[in-house]
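In case you want the letters, here they are:
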Amino acid sequence: MKTRRAAGGLLPALLAMVVLSGCAPEGTASTGAAEAFHRAVAGSDMTAACALLQPHTREETARSSDDGSCASQLKKAQFPDPGKLLRTEQYGQDAFVQFENDAVFLAVSGGGWKVTAAGCKPNGEDAPYTCEVGGN
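Report on the accompanying structure. (Residues numbered from 1 in each chain as written. Predicted model: local features only at pLDDT ≥ 70, side-chain atom pairs only at ≥ 80, totals over all residues. Heavy atoms only, no water.)

Another aspect to go through is the overall build of the protein chain. On a plain count of helices and strands, the protein chain comes out with five helices and seven strands. Going residue by residue from the N terminus, the α and β elements of the protein chain occur as β-α-α-α-α-α-β-β-β-β-β-β. Sequence-distant contacts in the protein chain: of pairs separated by 6 or more residues, those separated by 24 or more amount to 48%. In the structure as shown, the protein chain presents an accessible area of about 7,000 Å², 51% of it carried by carbon and sulfur atoms. (Helix = DSSP H or I, 4+ residues; strand = E, 2+ residues; numbered from the N terminus. Contact = heavy atoms within 4.5 Å. Areas by Shrake-Rupley, 256 points an atom, 1.4 Å probe, with all protein chains shown as cover.)

Here it is as structure tokens:
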């Protein structure tokens, strides 16, 4: 598991922007990307799940595996069933999608929304989330 830390206070600033900007409506492209990631994982299509990761996250995930493969590392991860969608928050080119049992962070990359961290659970103020993938 990895801990998602705010670099230079970035997360508090982003959370403040979320409060000011409000929640994006359900059905946004970022929500769709988070849901597609969970569908791919649930269907054991780790190649598709890796394709939905932001390039840096995909490379980091592959480096974390024994064989250098993103797909094999995702197979080892303990992703919860996400449960019901609770909310989507978009701020600029970043987004946060919260499900009942998971939180997914995304960013615009290559013209679409890509997952930067998933399998995330609240962890406290110093490191707000612990994530199965991404989060550095």
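This part is about the state of the cysteines. Each disulfide is one covalent bond, formed between the sulfur atoms of two cysteines. In total, this model carries two disulfides according to the counting rule given. One disulfide in the model links Cys-50 with Cys-70; its S-S distance is 2.1 Å. Looking down the S-S bond of the Cys-50 and Cys-70 bridge, the torsion is -100°, so its handedness is left-handed. Residue Cys-50 is found in helix H3 (residues 46-51), and its partner Cys-70 is found in helix H5 (residues 70-76); the two are separated by 20 residues along the sequence. Residue classification places Cys-70 among the buried residues on the basis of a relative accessible area of 8%. Along the protein chain, the cysteines engaged in disulfide bonds are linked according to the scheme 1-2, 3-4 when indexed in sequence order. (Disulfide = S-S within 2.5 Å. Buried < 20%, exposed > 50% of the residue type's maximum accessible area, 1.4 Å probe, protein only.)

Turning our eyes to something else, we now look at helix H2 (residues 29-42). Counted at 1.5 Å a residue, the expected span for H2 with its 14 residues is 20 Å, and the 20 Å between its end C-alpha atoms agrees. Two residues or fewer past H2, Ser-44 is found with a positive phi of approximately 60°. (Expected span 1.5 Å × (residues − 1).)

A few words on the environment of Gly-119. Along the chain, Gly-119 falls in strand E5 (residues 112-122). On the accessibility criterion, Gly-119 (5% relative accessible area) is buried. Separated by ten residues in sequence, Gly-119 and Tyr-129 place their C-alpha atoms 9.4 Å apart. If we skip the residues at most four places from it in the chain, Gly-119 touches Phe-79, Pro-80, Asp-102, Ala-103, Thr-130, Cys-131 and Glu-132.

A word on the packing of aromatic side chains. Here the structure, examined in full by the defined rule, presents four aromatic pairs. With 5.5 Å between their ring centres and 80° between their planes, Phe-37 and Phe-79 make a pair best called edge-to-face. Of the two residues, Phe-37 sits in helix H2 while Phe-79 sits in the loop between H5 and strand E2 (85-91), which places them 42 residues apart along the sequence. The exposure class of Phe-37 is buried, given its relative accessible area of 0%. We classify Phe-79 as buried; its relative accessible area is 16%. Their ring planes at 55° and their centres at 5.2 Å tell us that Phe-96 and Phe-105 sit as a pair that is tilted. Across the pair, Phe-105 and Phe-96 agree in class, each one buried. Here the aromatic residues Phe-96, Phe-105 and Tyr-129 are joined through ring pairs into a cluster of three or more. (Phe/Tyr/Trp six-rings, centres within 6.5 Å; stacked < 30°, edge-to-face > 60°.)

Turning our attention to the nonpolar core. Counting 25 residues, the largest nonpolar core has Phe-37, Leu-74, Phe-79 and Leu-106 as its most contacted members. The leading source of residues in this core is H2, at five residues. Excluding residues that lie within four positions of it along the chain, Leu-106 makes contacts with Ser-30, Ala-33, Ala-34, Gln-93, Asp-94, Ala-95, Val-97, Trp-113, Lys-114, Val-115 and Thr-116. With eight residues, the next largest nonpolar core counts Ala-103, Phe-105, Ala-117 and Cys-131 among its residues. (Core = buried A, V, L, I, M, F, W, Y, C linked by side-chain atoms within 4.5 Å.)

These results come straight from atomic positions and should not be treated as a statement about function.
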